[in-house]
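Analysis of the macromolecular model
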Protein chains: 2
Amino acid sequence: MPVKLRSPDPTHLLSVPGLRLGVASAGIKKPGRRDLTLLDVAAGAQVAAVFTQNRFCAAPVTLCKEHLARKGGIRALVINTGNANAGTGADGLARAQQTCEAAAGLLGCAPEQVLPFSTGVILEPLPAEKIVAALPAAQLDLREDNWHAAAHAIMTTDTVAKAVSRRVELGGRSVTITGMAKGSGMIHPNMATMLAFVATDAAIAPSLMQGLVREVADVSFNCVTVDGDTSTNDSFVLIATGQAGNAEVADAGGADYAALKETLAAVAIELAQAMARDGEGATKFMTITVESGRDRAECKQIAYAIARSPLVKTAFFASDPNLGRILAAIGYAGVMDLDVTRIKVWLGDVLVAENGGRAASYSEAAGAAVMQEAEITVRVALDRGAASATVWTCDFSYDYVKINAEYRT
Amino acid sequence: MPVKLRSPDPTHLLSVPGLRLGVASAGIKKPGRRDLTLLDVAAGAQVAAVFTQNRFCAAPVTLCKEHLARKGGIRALVINTGNANAGTGADGLARAQQTCEAAAGLLGCAPEQVLPFSTGVILEPLPAEKIVAALPAAQLDLREDNWHAAAHAIMTTDTVAKAVSRRVELGGRSVTITGMAKGSGMIHPNMATMLAFVATDAAIAPSLMQGLVREVADVSFNCVTVDGDTSTNDSFVLIATGQAGNAEVADAGGADYAALKETLAAVAIELAQAMARDGEGATKFMTITVESGRDRAECKQIAYAIARSPLVKTAFFASDPNLGRILAAIGYAGVMDLDVTRIKVWLGDVLVAENGGRAASYSEAAGAAVMQEAEITVRVALDRGAASATVWTCDFSYDYVKINAEYRT
């Protein structure tokens, strides 16, 4: 059961002029399931992306990086579920390339102008021939108003599709941003078993794209964890078709850049949080904020230690304010010169710990009341600086074990 | 159900001359349970220890360090379960001190000659008065041949007591080593919610004790993980009573030191493995060996990434050779210059992966057969050096979630 997360209302998803989406059934893992998505990107669009830092990165990730490096313009994205094409060596690269060639043939572009994405089981050969066979059906389905179907087609263990739209004014012009993402397990930054695609019709200078996608990832997808496992396939792609008619955003210090970045970040944060809300087996959505630290890195390190701890996560599943586990996680996060007597910890609005121990004002009843909620914030103040960081996660339930024990059956 | 682990046969546990153990019921968490253990150490014994690196270390850990630093000789250990006396601030220190004073009064030594140990729930005040009241009963129970009862009395979520004895010849004299440990959750090195006490009657130079306890910990307790959570209370204590009549071991380069260290390590490794075999909810015992690495640190880093991965652990619980998850864990371990095309991975004796992908010789049936076993070895060869490291862990089951969700009920 996702935590306070509903399937997006199709009528709330806005088309992005210059981007068409089509889906089809390739029968990669299960017959009949819509598991193939084709994105047709109009000529002249800017595309930038960030990828997993996993050393066993998947074949499609390697190809994406090569194709983007050529700077010849990206015209299509091919996304499949059911098979990650990871841990597949040279053969995996050849199969991913085969799908690029097929899409290029259909759309009349070069194979290097196609980006491939795969998600699913690792270490099994990609049935590229099934993808090639189904691509014409996906092409026939191409429409600008097809985000809802595409958001469903990229799901794996997700229980709810994840898509969101926003508008922002840039120099008097209304610009659209629509994004979709998948991911609910093996989620930990840099990045997650997550694929995220965010498109805008804003015109933006090519030189700003890579910095923008990285800045947006750092405050969104790189702040979410489900189980601490970083996937082989994670990709976050930003597409800017430039068809909104706004004056090109060309100054990273200007108001238009800031407004665009803020709205892109809002879309990306909503998608990132949706992944934690839909985390495998999740019954609770947790926001972990660490503040008054020396720098953002140490705040993030402590926030992740709490968010990753199986003991903390099972306590939240049980709605048990066993808060000593939070202190233990702060203590082992690896910030070796922490003065624990200065630290304060809140559960929701309830002060839990101070002076190295339980707060005098704390009562088990107050802690237990917060624990009953479906959305809970843990706030930690380090009292040694002005930096802060926030991480989103979910609890750890029987169903997490069940979903991951039975994943391939 | 512990994995291939039985309660120790009381007749196999050897007394260590110079050390007496007594247990009693203090009623700390549950009435009637034997939850208090007193160790009476003969004058002249050498005692050294290593402790958790958690910044929120418990009050007894702080006191132990202070008392050991005084070098006035240790005469007693007081060990309670049911309450960790961690996250308890200045009040926790005072309560731990109170138990030291009570034991010192009974045994006729100084409070600084007493080491306190606590394990159990964090963030709740230690009922020191219950311990003080029960110490006389523990004193009455003091016997050299009481290891079996003591190994039971220090258990928390353990399902099986953990104790082991060995003998070794030092310069023609037979020396005894007996150790006991507790721990089955919140287990990750430096160190774990583990308490381990190993005693020997060997005579050893005081100057060698701290190095010896650290060397032994590094190859045993610091190589085990259950859930990646490092506790606030972990302690490993080595007691050498010096009553065996051997010539004092005084040369860290000599044969006697090597023989003693090897046998101590064998005892400590058996206790450390027992903790993983008895890991909360464990159904499988896993040995992760990473070899041909550049240094031991990178081997250990990769071994721990595999051993900590909830996705790997749930796959083992399901007996599912979903081995891509092992590759993914290797890839995100943080060794950034890994050449994954050189890596080989074996499951038991079955070669699983090579050349960046699945081994040509691998069959799902062969992998599935290994997965049916209760004890499984994962071996990873990095092909870039001569270093290696081994880590022990267990799988991740429904019962892990159940045990930790219901821990305080």
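The rules behind the values
Counting restarts for each chain, with residues numbered from 1 along the sequence as it is written. Naming scheme: in the order in which they are written, chains are lettered from A and ligands are numbered from 1. Under the rules for a predicted model, residues below a pLDDT of 70 receive no local features and side-chain atom pairs below 80 are neither given nor counted, while totals for whole chains, interfaces and linings still include all residues. Only runs of H or I of at least four residues qualify as helices and only runs of E of at least two qualify as strands under DSSP, and these elements are numbered from the N terminus. Our radius of gyration is a C-alpha quantity, and the globule rule it is checked against amounts to 2.2 Å times the number of residues to the power 0.38. Our exposure labels follow a C-beta count within 10 Å of each residue's own C-beta, placed from the backbone: buried means 20 or more other C-beta atoms, exposed means 12 or fewer, and partly exposed covers the counts in between. Contact between two residues is assigned whenever their backbone-derived C-beta positions fall within 7 Å. Each nonpolar core comprises buried Ala, Val, Leu, Ile, Met, Phe, Trp, Tyr and Cys residues, the members being joined through C-beta atoms within 7 Å. Source of the domain bounds: an automatic or database domain assignment. Note on pairing: two strands pair once DSSP finds at least 2 bridges between them. Axis definition: a line fitted to C-alpha atoms, limited for helices to the stretch in contact. Angles are taken between N-to-C directions and run from 0 to 180 degrees. Here is the rule for angles: anything less than 35 degrees is roughly parallel, anything more than 145 is roughly antiparallel, 65 through 115 is roughly perpendicular, and the remaining ranges are oblique. Helix crossings fall into two classes, left-handed where the near helix is turned counterclockwise from the far one by less than a right angle and right-handed where it is turned clockwise. Amino acids outside the nonpolar list (Ala, Val, Leu, Ile, Met, Phe, Trp, Tyr, Cys, Pro) and the charged list (Asp, Glu, Lys, Arg) are all regarded as polar, and Gly is one of them. Confidence of the predictor in every single residue is expressed as pLDDT, which spans 0 to 100.

**Some thoughts on the overall build of chain A**
When you go through chain A residue by residue, the secondary structure sums to 11 helices and 15 strands. Here chain A has a C-alpha radius of gyration of 22 Å; the compact-globule value for 409 residues is 22 Å, and the two agree. For chain A, the spread of C-alpha atoms along the principal axes amounts to about 70 × 55 × 40 Å. Within chain A, buried positions represent 62% of all 409 residues. In chain A, the proportion of contacts linking residues at least 24 apart, taken out of those at least 6 apart, comes to 80%.

**Structural notes on the nonpolar core**
Counting 288 residues, the largest nonpolar core has Ile-306 and Ile-330 of chain A together with Ile-306 and Ile-330 of chain B as the members making the most contacts within it. The residues touching Ile-306 of chain B, leaving out its near neighbours within four places in the chain, are Ile-288, Val-312, Ile-326, Ala-329, Ile-330 and Val-378 of chain B.

**Section: helix α1 (residues 59-69) of chain A**
Within α1 of chain A the residues assigned to the buried category are Ala-59, Pro-60, Val-61, Leu-63, Cys-64 and His-67 of chain A. On its buried face, α1 of chain A is in contact with β3 (46-51), α2 (89-107), β5 (114-119) and β9 (235-240) of chain A.

**Concerning the domain arrangement of chain A**
One can read the domain layout of chain A as domain 1 (10-277) and domain 2 (285-405). With centres defined by C-alpha atoms, the gap from domain 1 of chain A to domain 2 of chain A works out at 33 Å.

**Details of the sheet that holds strand β1 (residues 19-24) of chain A**
Residue and element names in this part refer to chain A. Strand order in the open sheet made by the 4 strands is β1-β2-β4-β5, with mixed pairing throughout. Unpaired on one side and paired on the other, β1 and β5 mark the two borders of the sheet. This sheet shows a mean twist of 15° between the axes of neighbouring strands, independent of strand direction. Pairing of strand β2 (residues 36-41) with strand β4 (residues 76-81) involves 5 bridges; the strand directions are antiparallel. Residue pairing for β4: Leu-38 is matched across the bridge by Val-78.

**Quick look at unusual backbone geometry**
Residue and element names in this part refer to chain A. For Ser-292, which is not glycine, the phi torsion reads 50° and is therefore positive. Structurally, Ser-292 is set in strand β10 (residues 285-293). By the C-beta count within 10 Å, which is 17 here, Ser-292 ends up partly exposed.

**Some words on the sheet that holds strand β13 (residues 357-358) of chain B**
Residue and element names in this part refer to chain B. With respect to topology, 6 strands assemble into an open sheet ordered β13-β12-β11-β14-β10-β15, the strand pairing being mixed. Because the sheet does not close on itself, it has two edges, and the strands there are β13 and β15 (387-394). In this structure, strand β12 (residues 350-354) lies alongside β13, joined through 2 bridges in antiparallel fashion. Looking at β13, one finds that Ala-353 is bridged to Arg-358. Lying on the sheet, helix α10 (residues 364-371) is in contact with β11 (344-347), β12 and β14 (375-381); it crosses β12 at an angle near 120°.

**What about the environment of Gln-139 of chain A?**
Following the sequence through the fold, Gln-139 of chain A ends up in helix α3 (residues 128-140). Separated by 99 residues in the primary sequence, Gln-139 of chain A and Asp-40 of chain A have C-alpha atoms spaced 8.4 Å apart.

**Looking at the packing of helix α8 (residues 310-317) of chain B against helix α9 (residues 324-332) of chain B**
All names here are of chain B. Between α8 and α9, the least distance of the axes is 9 Å, while the angle of their chain directions is 160°. The orientation of α8 relative to α9 falls into the category roughly antiparallel. When you trace α8 past α9, the crossing you get is left-handed. Along its contact with α8, which presents Leu-311, Val-312 and Ala-315, the element α9 presents Arg-325, Ile-326 and Ala-329. Along the lines of polarity and charge, the residues of the contact of α8 with α9 split into 5 nonpolar, no polar and 1 charged.

**Quick notes on the environment of Val-380 of chain A**
Residues and elements named next belong to chain A. Tracing the backbone shows Val-380 in strand β14 (residues 375-381). Residues Val-380 and Gln-53 lie 327 residues apart in sequence; the distance between their C-alpha atoms is 28 Å. Setting aside anything within four residues of it in sequence, one finds Val-380 in contact with Val-290, Ile-302, Ile-330, Ile-343 and Val-345.

**A word on the packing of helix α1 (residues 59-69) of chain B against helix α2 (residues 89-107) of chain B**
All names here are of chain B. At their nearest, the axes of α1 and α2 sit 8 Å apart, and the two run at 60° to each other. It follows that α1 is oblique to α2 by the angle criterion. Regarding α1 and α2, the two cross each other, and that crossing is right-handed. Contacts between α1 and α2 involve Ala-59, Pro-60, Thr-62 and Leu-63 from the first element and Gly-92, Leu-93, Ala-96, Gln-97 and Cys-100 from the second. Residue composition of the contact of α1 with α2, by class: 6 nonpolar, 3 polar and no charged.

**A short note on helix α8 (residues 310-317) of chain A**
Buried residues dominate α8 of chain A, accounting for 8 of its 8 residues. Restricting attention to buried positions, one finds in α8 of chain A the residues Pro-310, Leu-311, Val-312, Lys-313, Thr-314, Ala-315, Phe-316 and Phe-317 of chain A.

**Regarding the pairing of strand β11 (residues 344-347) of chain A**
Residue and element names in this part refer to chain A. Taking every second residue as pointing to the same face, the buried face of β11 carries Val-345 and Leu-347, while none of Lys-344 and Trp-346 on the other face is buried. As paired elements, β11 and strand β12 (residues 350-354) share 3 bridges and run antiparallel to each other. Bridged to Leu-347 within β12 is Val-350. Hairpin connection of β11 to β12: 2 residues between the antiparallel strands, including Gly-348 at a positive phi of 60°.

**Some remarks on the confidence of the model for chain A**
All names here are of chain A. Averaged over all residues, the pLDDT of chain A equals 90, while 94% of them reach at least 70. Across residues 188-192, where pLDDT falls below 50, the model places 28 contacts with residues more than four positions away in sequence or in other chains. Under the prediction, the complex receives an ipTM of 0.72, its pTM being 0.80.

**Details of the environment of Val-41 of chain A**
Residues and elements named next belong to chain A. Tracing the backbone through its elements, the reader meets Val-41 in strand β2. Taking the C-alpha atoms as reference, Val-41 lies 24 Å from Ala-272; in sequence the two are 231 residues apart. The residues contacting Val-41, other than those within four sequence positions of it, are Leu-19, Val-47, Ile-74, Arg-75, Ala-76 and Ile-239.

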